[in-house]
Amino acid sequence: MSRWTDLDRPPLDVRGLNRALVDGGLWRRVQVVDETDSTNADVAELARSGEAEGLVLVAEHQLAGRGRRGRVWAAPARSG
């Protein structure tokens, strides 16, 4: 059981995520957005617009994620 409720979780720590994930290897940069429909769709659009490989996009609140076999899901705010 988490010590955090849905209402009092701290926001994602962008600096901490970059320290943990960006090491000169696979991931180049972590970006956190408040809300999006789909992080995958956003990254794909950024790639088409010239974003360099290695971006990790994380959302505080995701509204229309897609999983395997086309399953749709949503992530409540600050649940990731």
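Residues numbered from 1 in each chain as written. Predicted model: local features only at pLDDT ≥ 70, side-chain atom pairs only at ≥ 80, totals over all residues. Heavy atoms only, no water.

## Brief notes about the overall build of the protein chain
- Along its length, the protein chain carries two helices and three strands.
- Beginning at the N terminus, the succession of helices and strands in the protein chain can be written as α-β-α-β-β.
- Out of the 80 residues belonging to the protein chain, those deemed buried represent 20%.
- Surface exposure of the protein chain reaches about 6100 Å², of which carbon and sulfur atoms provide 52%. (Helix = DSSP H or I, 4+ residues; strand = E, 2+ residues; numbered from the N terminus. Buried < 20%, exposed > 50% of the residue type's maximum accessible area, 1.4 Å probe, protein only. Areas by Shrake-Rupley, 256 points an atom, 1.4 Å probe, with all protein chains shown as cover.)

## Some remarks on the side chain of E60
- Mapping E60 onto the fold places it in strand β2 (residues 55-66).
- Reaching out from E60, the side chain makes a polar contact with the backbone nitrogen of L12 at a distance of 2.7 Å. (Polar contact = N/O pair within 3.5 Å; in protein donor to acceptor, adjacent residues only side chain to side chain.)

## Here we look at the pairing of strand β1 (residues 29-36)
- Here seven bridges tie β1 to β2, and the two strands are oriented parallel to one another. Bridging across to β2, Q31 finds its partner in L57.
- Each parallel crossover has a hand, and the one from β1 via helix α2 (residues 39-48) to β2 is right-handed. (Pairing = 2+ DSSP bridges. Right-handed = clockwise from strand over helix to strand, strands pointing away.)

## Considering the sheet that holds β1
- Pairing within the open sheet is mixed, and its three strands lie in the order β1-β2-β3. At either margin of the open sheet sits one strand with a lone partner, and together these are β1 and β3 (72-75). In this sheet, neighbouring strand axes are inclined to one another by 45° on average, regardless of whether the strands run parallel or antiparallel.
- Those strands touched by α2 are β1 and β2, and its axis lies near 130° from that of β2. (Axes fitted to C-alpha atoms, helices over the stretch in contact; angles between N-to-C directions. Contact = heavy atoms within 4.5 Å.)

## Points about the environment of N18
- With respect to the helices, strands and loops of the structure, N18 is situated in helix α1 (residues 14-21).
- The spacing of N18 and R28 is 10 residues in sequence and 8.6 Å in space, taken between C-alpha atoms.
- Not counting the four nearest positions on each side in its chain, N18 is found in contact with R29 and V30.

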